[in-house]
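Coordinates in review
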Amino acid sequence: MNGIDTGILVIGSGIAGLTFALRVAEHADVVLVTKKASLDSNTNYAQGGIAAVVDSADSFADHVHDTLQAGAGLCHLDRVDTLVQSGPQAVADLVDWGVRFSESGGRLALGREGGHSHARIVHSQDKTGSAIEDALDRAVTNHERIQLLEDHMVLSLQVECLDGLRRCVGAWVLDVKSNALLPVRARATMLAAGGSAAIYCHTTNPAIATGDGVALAYRAGATVANMEFIQFHPTALYPAEEHAFLISEALRGEGAVLRNWNGDAFMGAYDRRKDLAPRDIVARAVHSEMRRSGKDHVWLDATGIAAQHLDARFPAILEGCRAKGVDARQEPIPVVPAAHYVCGGVWTDVDGRTSLPGLFAAGECACTGVHGANRLASNSLLEAVVFAERAASRMIWELPFVPAPSSDSWTHPDDLSGSLADGLARLRSDLRQLMWERLGIIRTVAEMRAGAVRLHEMRRDWSSLCGAAPRSKDGARWAEASELLNMLDVAGLVIRCALWRRESRGLHYVTDFPYKDNECFLRDSFVIPTD
Ligand code: SIN
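For the structure given in this document, a descriptive report is provided here.

Structural notes on the pattern of salt bridges
Scanning the model with the defined rule gives 35 salt bridges in all. Asp93 is the salt-bridge partner of Arg23, the closest N and O atoms lying 3.4 Å from each other. Of this pair, Arg23 sits in helix 1 (residues 15-24) while Asp93 sits in helix 4 (residues 87-96), and the two are 70 residues apart along the sequence. Residue Asp93 is classed as buried on the basis of its relative accessible area, which comes to 8%. Among the salt bridges present, the one from Arg505 reaches Glu503, with a minimum N-O distance of 2.7 Å. Residue Glu503 is classed as buried on the basis of its relative accessible area, which comes to 0%. Each of Arg23, Glu26, Asp93 and Glu389 takes part in a single network of salt bridges with overlapping partners.

Here we look at the site of the ligand
Around the ligand, the surrounding shell consists of Gly48, His233, Leu246, Ser248, Glu249, Arg279, His340, Arg375, Ala377 and Ser378. Interatomic distance of 3.0 Å between a side-chain N/O atom of Arg279 and an oxygen atom of the ligand. Burial of the ligand by the protein amounts to 94% of the accessible area it has alone, namely 260 Å². Within the shell around the ligand, the residues separate by chemical class into 2 nonpolar, 5 polar and 3 charged.

Topic: the packing of helix 2 (residues 60-71) against helix 3 (residues 77-85)
Where helix 2 meets helix 3, the axes come as close as 9 Å, and the angle between the chain directions of the two elements is 130°. Here helix 2 is positioned oblique relative to helix 3, judged by the angle of their axes. Here helix 2 and helix 3 pass one another in a crossing that is right-handed. For the pair formed by helix 2 and helix 3, the contact residues are Phe60, His63, Val64, Thr67 and Leu68 on the first element and Leu77, Val80, Asp81, Val84 and Gln85 on the second. Tallied by class, the residues present in the contact of helix 2 with helix 3 amount to 6 nonpolar, 3 polar and 1 charged.

Here's the deal with the pairing of strand 13 (residues 230-237)
Taking burial as the measure, the 8 residues of strand 13 include 8 buried ones, the bulk of the element. Pairing geometry for strand 13 and strand 16 (residues 333-342), over 6 bridges, is antiparallel. Bridging across to strand 16, Leu237 finds its partner in Val335.

Some remarks on the sheet that holds strand 17 (residues 345-347)
Taken together, the 4 strands give an open sheet; going across it, the order is 19-17-12-20, and neighbouring strands pair in mixed fashion. The open sheet has two edge strands with one neighbour each: strand 19 (366-367) and strand 20 (526-527). Here 2 bridges tie strand 17 to strand 19, and the two strands are oriented parallel to one another. When the bridges of strand 19 are listed, Val346 appears paired with Ala366. Contacts from helix 6 (residues 212-220) reach strand 12 (224-225), strand 17 and strand 20, with the element oriented near 45° to strand 17.

Criteria and thresholds
- Residues numbered from 1 in each chain as written.
- Predicted model: local features only at pLDDT ≥ 70, side-chain atom pairs only at ≥ 80, totals over all residues.
- Heavy atoms only, no water.
- Salt bridge = Lys/Arg side-chain N within 4 Å of Asp/Glu carboxyl O.
- Helix = DSSP H or I, 4+ residues; strand = E, 2+ residues; numbered from the N terminus.
- Buried < 20%, exposed > 50% of the residue type's maximum accessible area, 1.4 Å probe, protein only.
- Near = heavy atom within 4 Å.
- Polar contact = N/O pair within 3.5 Å; in protein donor to acceptor, adjacent residues only side chain to side chain.
- Areas by Shrake-Rupley, 256 points an atom, 1.4 Å probe, with all protein chains shown as cover.
- Nonpolar A, V, L, I, M, F, W, Y, C, P; charged D, E, K, R; others polar.
- Axes fitted to C-alpha atoms, helices over the stretch in contact; angles between N-to-C directions.
- Parallel < 35°, antiparallel > 145°, perpendicular 65-115°, else oblique.
- Left-handed = near helix turned anticlockwise from the far one by under 90°.
- Contact = heavy atoms within 4.5 Å.
- Pairing = 2+ DSSP bridges.

In structure tokens, the structure reads:
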């Protein structure tokens, strides 16, 4: 059979996929698949930075403590310890790969964000994600053992049974431009396909964040966990369009203050940490102030910060506001919450291994146990680097013992029937609206149940539009249908986990059960696919 044979397949070109590829390519050939251009990723839009203990006045114990506090009882201490203690090395590795972080007085400049007891956010002005992505992308592009396939979308993971053991042996990949379907056979596969927040109609994520990694892994039989914990960022620029412009928490770290329509700084009424309380608390406070006033947004006031400092530290935010007619140096910025990050994902061990042998996961699509019920700001870029590097070490160690995949078990998805029809765009938009309305910042059981019923109908609609499997002569259309299937599956996992957790904890707030229930729910919400 034609196609590609490689040592390692990497799916996704954000910080986790690129870091991982660079490490394993020292030992094996790598094929890196990304559905758009390699720079299109959630990482690229990260403004804040990477949390790490690099200041002598800070301590690992404090970073661990802050992470556990934010995680509301569900963080796994051993994973958090690993994350935090690997922080300084992760930053050093990024510098070695060519990332340039902001400095002050000859040292790394450190920002402050919500939930952190110290200034510990290593950043590159307010464009940290793109600084990291640019440097890693350059290193990957120049690496002779990494084959980069842009505009290639993974349609399904391939699983084969060897001596009674199921294992992942690669994936079916669609070349979106030529419409060719390629089997990519690999001894091991890394899923680093990014986030899922584009299942919401208001999100800080780009439209590509459709939960592909979680959906692919789940359909292949890997365990998924904690999908109910959707983080809403409290401050996206209003009006929050399809891809809302983020106003980084770092701005509050430098002194910006949330104000309601009376001009009052309201966060003191909700939490002693005021504007630097963990993100779940701030997002609910903003939501509550909007309800109280009947208005569509609140205000973020950065006018107390010296204009010169704003210019130097937040050029991209000032520019983004200016493009919408707001001069953030002179007037408050209209802001509204938007879906930002999914704490759950494909469950992994401390070395990135999923429950499906041969399949690893890292970055936002993974659930490593570090975020618990609420991710501490700027811990996600750190998590991506630390666990991608651990997964690389583990995979390199395992690789000599892994047999090459056979070609026999590969069933060409072309054998399935079906043709694409119109209506995909409408279905996608209905789904995103549904998630916003039924699975938002404040939830009720009745609304979540209604969401589950409607989602079931949407999944049926998808099947009647696309057939048993989407096929089309137009690769872009085929990719669109597959992406929508992933979104529907991920939305189903969110609803399933959310309905199971009959308590309020971290990012999951249900008015029917407004308190934590440690007796029943001090545990992860696993979804284990059944054959
Ligand atoms: C932000 O800059 O506010 C976002 C940082 C993050 O999501 O960790």
